[in-house]
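Take a look at the letters that make up each chain.
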Amino acid sequence: MTILGIESSCDETSAAIVEEGVVLSNVVQGQVEVHAEYGGVVPELASRAHIHNIYPVVSEALQRAGRQAAQLTAIAVTAGPGLIGGLLVGLSVAKGLALALQKPLLGIHHMEGHLMSPFLRRVGEAESGCTFPFVALLVSGGHSLLLHAEAFGVYTLLGQTRDDAAGEAFDKGARLLGLSYPGGPAIAALAEGGDRQAIRFPRAWLDRQRFDFSFSGLKTALRTHLLSHPPGDDRQAARDIAASYQEALVEVLVEKSLAACRAVGCRRLLVAGGVGANQRLRQLLQERASPRIAVFAPPLSFCTDNGAMIALAAAERLQRGARHDAALTVRPRWPLSELPPVPVGQQKVTLVR
Ligand code: KG4
Ligand code: ZN
């Protein structure tokens, strides 16, 4: 099976060729420079950039993989959730290709794509060792979720953010600190050499028995702190604030994820999404999970939005008989509970709340 996976739900235009779980190519064209001056993704600008980038990205994916379009088994595309304009660009291209090549079309849920990231491997690479069931912490600029993935297609939502996504909390915090967009890497860089304990920013544990997140209070605490203690030209003070802010954010993500693992009796934890790139998050997860829980953190190119994860999810669904036709539409809001059940087991997603 040789699958082309297209992803354009947010601000990355990506296309990948995945063959029997092996990523032959994974081309990602980001748009940071388009959105930087606005401090966040501007949907209309994102759509235009996707239109501009998608054909070169798809052809480069085929070229790098050394495959012809005619050799593809199927065309997969993120059908939601995400920004409607970007999704439409990806879907239109995928439909056109599927029609022209007379190949099956598959519309994939973006989060199911992320859940497949620990199973992706590059040519010559060994498997990560991750297997179902596992708990997944999916944290990016657009989403913050804790899921229990019992098997392919059988997912339970354990928790999600009640306000900002974790990446948004990084981005907004960075803006308050006068740092550039995207804020996550900027805060992480400034935090190096900072004292993580310098300021005791609040941790929103909410209900200890639940696994929801809330980051708006932390952001307000940062704003209040900056008003009373502006760092000015004091670089060390700025580093301490960044390190303390990052620590508060990361500690909640780590503790909630581990508590979720314990609650469902699961000993594998996946972390993915742009915030999953955060080194302090990865370090603290490893420290606190070990030795009871194994942490799987895919390489950065599979952690952030990419076409390869969409192709792999499509391969799994295709094997189970799924396929779509030209009537497929995008779903900007698409609760996981409305994911089509996979034929094996026929178990539907249930929401724990
Ligand atoms: O998955 P992603 O590339 O795109 C989506 O939002 O879907 O995630 C981008 C988010 C941004 O909010 C960015 O600030 C954050 O991930 N991010 C990080 C790091 N790298 C990216 N957050 C914390 N630490 C990082 N090293
Ligand atoms: Zn994502």
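Up top you'll find the structure we're talking about.
This section reports on the structure supplied with the text. Everything numeric in this text was worked out from a predicted model, so none of it was measured.

A few points about the overall build of the chain
Regarding its fold elements, the chain presents 11 helices and 11 strands. Relative to the 2.2 N^0.38 estimate, which gives 20 Å for 353 residues, the radius of gyration of the chain is 20 Å and therefore close to what a compact globule would have. On the principal axes, the C-alpha backbone points of the chain span a range of 65 × 45 × 35 Å. Restricting the contact set of the chain to residue pairs at least 6 apart, pairs at least 24 apart contribute 74%. A total accessible area of about 14900 Å² is found for the chain, and carbon and sulfur atoms account for 52% of it.

Concerning the sheet that holds strand S1 (residues 2-7)
If you trace the 6 strands from one edge of the open sheet to the other, you get S5-S4-S1-S2-S3-S6, paired in mixed fashion. A single partner strand is all that each edge strand has here, and the edge strands are strand S5 (105-109) and strand S6 (121-122). Relative to strand S4 (residues 74-80), S1 runs parallel, the two sharing 4 bridges. Bridging across to S4, Leu4 finds its partner in Ile75. On the sheet, helix H2 (residues 43-65) packs against S1, strand S2 (13-19) and strand S3 (22-29) and is oriented at approximately 25 degrees with respect to S2. Seen against the sheet, helix H11 (residues 307-319) touches S1, S2, S3, S4 and S5 and runs at an angle of roughly 130 degrees to S1.

What to know about the side chain of Glu112
Within the secondary structure, Glu112 sits in helix H4 (residues 110-115). On the basis of relative accessibility, which here comes to 0%, the residue Glu112 falls in the buried class. Excluding its chain neighbours within four sequence positions, the residues that come into contact with Glu112 are Phe152, Gly153, Tyr155, Ala313, Arg317 and Leu339.

Here we look at the coordination of the zinc ion (ligand 2)
Within the protein, the atoms that donate to the zinc ion (ligand 2) are His110 (NE2), His114 (NE2), His143 (NE2) and Asp305 (OD), at distances of 2.1 to 2.6 Å. Coordination at the zinc ion (ligand 2) is irregular: its 4 donor atoms span angles of 90 to 160 degrees at the metal. One chain supplies every donor to the zinc ion (ligand 2), and in sequence these donors are spaced H-x3-H-x28-H-x161-D. Of this pair, His110 sits in helix H4 while His143 is found in the loop between strand S7 (134-139) and strand S8 (144-151), placing the two residues 33 residues apart along the sequence. Assessed through its relative accessible area of 2%, His110 is described here as buried.

Considerations on the packing of helix H5 (residues 166-176) against helix H8 (residues 235-264)
Helix-helix packing is described using two parameters, namely the angle between the two axes and the distance between the axes. Running from N to C, H5 and H8 cross one another at 175 degrees; their axes reach a closest spacing of 11 Å. By the angle between their directions, the pair H5 and H8 is classed as roughly antiparallel. For the pair H5 and H8, the contacting residues are Ala166, Ala169, Phe170 and Gly173 in the first and Tyr245, Gln246, Leu249, Val250 and Leu253 in the second. Residue composition of the contact of H5 with H8, by class: 7 nonpolar, 2 polar and no charged.

Quick word on the environment of Leu115
Here Leu115 shows up in helix H4. In this structure Leu115 comes out as buried when scored by relative accessible area, which is 0%. For the pair Leu115 and Val89, spaced 26 residues apart in the sequence, the C-alpha separation amounts to 23 Å. Residues in contact with Leu115, not counting those within four places in the same chain, are Phe134, Ala136, Leu138, Leu147, Ala149, Tyr155 and Leu270.

Points about the packing of aromatic side chains
What the rule picks out here adds up to 5 aromatic pairs. Centroid distance Phe132 to Phe134: 5.1 Å. Interplanar angle 20 degrees. Geometry classified as stacked. Look at Phe132 and you get partly exposed, because its relative accessible area is 25%. Plain terms: the ring middles of Phe201 and Tyr245 are 6.1 Å apart, the flat faces sit at 85 degrees to each other, and that makes the pair edge-to-face.

Focus on the site of ligand 1
Taken together, 18 residues surround ligand 1, and among them Gly141, Asp171, Gly184, Asn278 and Asp305 come closest. A distance of 2.9 Å separates an oxygen atom of ligand 1 from a polar backbone atom of Gly274. Between ligand 1 and Asn278, the relevant distance is 2.9 Å, taken from a nitrogen atom to a side-chain nitrogen or oxygen of the residue. Here ligand 1, which alone exposes 550 Å², has 88% of that area covered by the protein. Only H5 and helix H6 (183-191) provide two or more residues apiece to the shell around ligand 1. Across the shell around ligand 1, the residue classes break down as 5 nonpolar, 10 polar and 3 charged. Taken together, domain 1 (2-126 + 302-338) and domain 2 (134-297) each give at least three residues to the shell around ligand 1, which thus spans both.

Rules of the game
- Residues numbered from 1 in each chain as written.
- Chains lettered and ligands numbered in written order.
- Predicted model: local features only at pLDDT ≥ 70, side-chain atom pairs only at ≥ 80, totals over all residues.
- Heavy atoms only, no water.
- Helix = DSSP H or I, 4+ residues; strand = E, 2+ residues; numbered from the N terminus.
- Rg over C-alpha atoms; globule rule 2.2 N^0.38 Å.
- Contact = heavy atoms within 4.5 Å.
- Areas by Shrake-Rupley, 256 points an atom, 1.4 Å probe, with all protein chains shown as cover.
- Pairing = 2+ DSSP bridges.
- Axes fitted to C-alpha atoms, helices over the stretch in contact; angles between N-to-C directions.
- Buried < 20%, exposed > 50% of the residue type's maximum accessible area, 1.4 Å probe, protein only.
- Donors = N, O, S within 2.8 Å, 3.2 Å for Na, K, Ca; no water.
- Tetrahedral: all angles 85-135°; square planar, octahedral: opposite > 155°, others 65-115°.
- Parallel < 35°, antiparallel > 145°, perpendicular 65-115°, else oblique.
- Nonpolar A, V, L, I, M, F, W, Y, C, P; charged D, E, K, R; others polar.
- Phe/Tyr/Trp six-rings, centres within 6.5 Å; stacked < 30°, edge-to-face > 60°.
- Near = heavy atom within 4 Å.
- Polar contact = N/O pair within 3.5 Å; in protein donor to acceptor, adjacent residues only side chain to side chain.
- Domains from an automatic or database assignment.

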